[in-house]
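Inside the fold
Here is what each chain is made of, one letter per residue.
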Amino acid sequence: MPVSTIQSTPLEKLHVRLGARMVPFAGWNMPVQYTSIMDEHGAVRGAAGIFDISHMGQFIVGGAGALEWLNKMLANNVAKLGDGQGQYSFLLNEAGGVIDDLIVYRTGENDFFLVVNASMIEEDFAWMAKHLTGDVTLRNESPLWAGMAVQGPESAAAFAKACPGQTLPPRNGIVRFPVEGGEAVVCRTGYTGEDGFEFFCPAGEGEAWFEKFIECGAKACGLGARDSLRLEMCYPLNGSDLSPQRTPIEAGLGFFVDLEKGDFIGRETLAKQKAEGPAEKLVALAYTDKGAPPRSHYPLEDAAGNVISELSSGVLSPSLGQGIAMAYVPAALSKLGTELFVDVRGRKFPAKVVKKPFYKPATAKA
Amino acid sequence: MNVPQNLRYNSSHEWVLLEGDIATVGISDHAQEELTDVVFVELPPVGKTVDVGDPTAVVESVKAASDIYAPISGEVVEVNDAVEADPSLVNTDPYGKGWIFKLKVKNAAQVEALLDAAGYEALIG
């Protein structure tokens, strides 16, 4: 992507002041790390870390019939949400492939707050706008919000200190309260497996809040740690583990698809795959010995040395000290215990198909 | 930043210590700090002949793999098994226990052509 089109979050200057190493990611100039990925990863598993997620998108869906319309656009069942509740879902193309994975929150009878991936803001918006019907309204509020994710066993304590008198929502919930310059939106979700929350505030207030959460015990963390943390949990990364060529059923995320709720875009393919079983499945792979860190696009071979796939994600797990990866493999090779080989610059490292997730956080989510 | 005076440096951040016709090669303190936590080192086979600029070893952090280039031509005569067992030695002792491989030098003039400590300090600013 040309330098001129790289966007800045409201927190960019603060990251530089905090000594972050900045890299282009999904069209945004983002911190990859401040101290080291190992340090930051450990802070989230052991205490609390804070990530800039201002690059992610926020859409507001409203108007009469908003729920019915969202249920046609998304794979999960929005009707299951009460006010103040959210769910993980997928925006699919006609073939059932994933355009984006997102979280949809119900904030009122006909009001929904959607958090979408940074690189997909424009595409998601165009796709949804194209399918708008009736009185449903869709608004992209992404530039208005700064966002940060505070994650780790001590994240609730950091919230209590930073926001005295306010209460965190329950798991998957959403609350709003007034702050300087407007309103804060707090969602109890995350991308690390630890207890935590996402905090959205007016863009101009982002720096002050990020610094406040640091003062209240959260360590500044970059995208490097975010990637190793999410992969330990087998949370998919859009564009790597999810793509328009892959369905949620192939990705093993059928739990977030409701085939019973009525028609939605992509349903036909998903129903067929669910009935027949997908030809390929996204599996979790763990090295059985020490080895060079697995990384996305490294070739994956079967025991006979045939290249069967490539890794969609991979990292040396900081928590486990072991190479972990995900890859789409033929269903016959997706059984737990299947031995496969990761090719790293010509050297073959044995790995086994293992149960997801790789890592179980010590602190169960509330 | 630690830049020992007795070593020579490559602009791609390898250091060289020449003793007789044996050159020990590692990566600089600056390079290990840039890479951060080293989690894997891939060593070359002993006996391999390399030319200046050949990718000869690989040092990996959680996020990235970095080639280590031969700063001079020669034959790999010894590799540091200790960094294979404990890659963090590259971070904690880059000029000592964190050395990577030793070359039998073909042409000592190639060592002279490398940066001295002052030149390397100027490079890394």
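Conventions used here
- Residues numbered from 1 in each chain as written.
- Chains lettered and ligands numbered in written order.
- Predicted model: local features only at pLDDT ≥ 70, side-chain atom pairs only at ≥ 80, totals over all residues.
- Heavy atoms only, no water.
- UniProt positions renumbered as here; feature names shortened; annotations may be inferred.
- Phe/Tyr/Trp six-rings, centres within 6.5 Å; stacked < 30°, edge-to-face > 60°.
- Helix = DSSP H or I, 4+ residues; strand = E, 2+ residues; numbered from the N terminus.
- Buried < 20%, exposed > 50% of the residue type's maximum accessible area, 1.4 Å probe, protein only.
- Contact = heavy atoms within 4.5 Å.
- Buried area = accessible area lost by both parts, 1.4 Å probe.
- Salt bridge = Lys/Arg side-chain N within 4 Å of Asp/Glu carboxyl O.
- Polar contact = N/O pair within 3.5 Å; in protein donor to acceptor, adjacent residues only side chain to side chain.
- Pairing = 2+ DSSP bridges.
- Axes fitted to C-alpha atoms, helices over the stretch in contact; angles between N-to-C directions.

Under an unreviewed UniProt entry, the name given to chain B is Glycine cleavage system H protein, and the source organism is Luteolibacter flavescens. Recorded under Sequence similarities (unreviewed entry), the UniProt text for chain B is reproduced unchanged: "Belongs to the GcvH family." A UniProt comment under Subunit (unreviewed entry) is attached to chain B, and it reads "The glycine cleavage system is composed of four proteins: P, T, L and H."

Chain A goes by Aminomethyltransferase in an unreviewed UniProt entry, where it is assigned to Luteolibacter flavescens. Here is the UniProt Sequence similarities (unreviewed entry) comment for chain A, exactly as written: "Belongs to the GcvT family."

This part is about the packing of aromatic side chains. Residue and element names in this part refer to chain A. Under the defined criterion, the tally for this structure stands at 18 aromatic pairs over all chains. Here Y287 and F349 contribute two aromatic rings whose centre-to-centre distance is 5.7 Å and whose plane-to-plane angle is 25°, an arrangement assigned as stacked. Highlighted residues: Y287 in strand 15 (residues 280–287) and F349 in strand 20 (residues 347–354), separated in sequence by 62 residues. Relative accessible area serves as the criterion here: at 3%, Y287 is assigned to the buried category.

Between chain A and chain B, the residue contacts involve 18 residues of the former and 15 residues of the latter. Interface area for chain A against chain B, summed over the two sides, is near 1400 Å², with a carbon-plus-sulfur share of 51%. Counting across the interface, chain A meets chain B through four salt bridges. One salt bridge connects R295(A) with E60(B), and the closest N-O pair in it is separated by 2.5 Å. Where chain A meets chain B, there are 12 residue pairs in polar contact (both at pLDDT 80 or more). At the level of secondary structure, the elements contributing two or more residues to the side of chain A that touches chain B comprise helix 2 (37–46), helix 7 (223–232), strand 17 (307–317) and strand 20 of chain A.

Residues and elements named next belong to chain A. Overall, antiparallel pairing links the five strands, which are arranged 6-7-8-5-9 in an open sheet. The open sheet terminates on both sides in strands that have one partner only, identified here as strand 6 (85–92) and strand 9 (137–140). The mean angle between the axes of side-by-side strands here comes to 25°, regardless of whether they run parallel or antiparallel.

Below, the discussion takes up the pattern of salt bridges. For the structure shown, the criterion picks out 22 salt bridges over all chains. By sharing partners, the salt bridges in this structure join D227(A), R230(A), D241(A) and K63(B) into a single network.

Now for the UniProt feature "domain: GCVT N-terminal" (unreviewed entry) in chain A. Following the UniProt record, one finds the feature "domain: GCVT N-terminal" (unreviewed entry) at residues 13–261 of chain A. As a span, residues 13–261 of chain A carries 24% helix and 31% strand, and end to end its C-alpha atoms are 46 Å apart.

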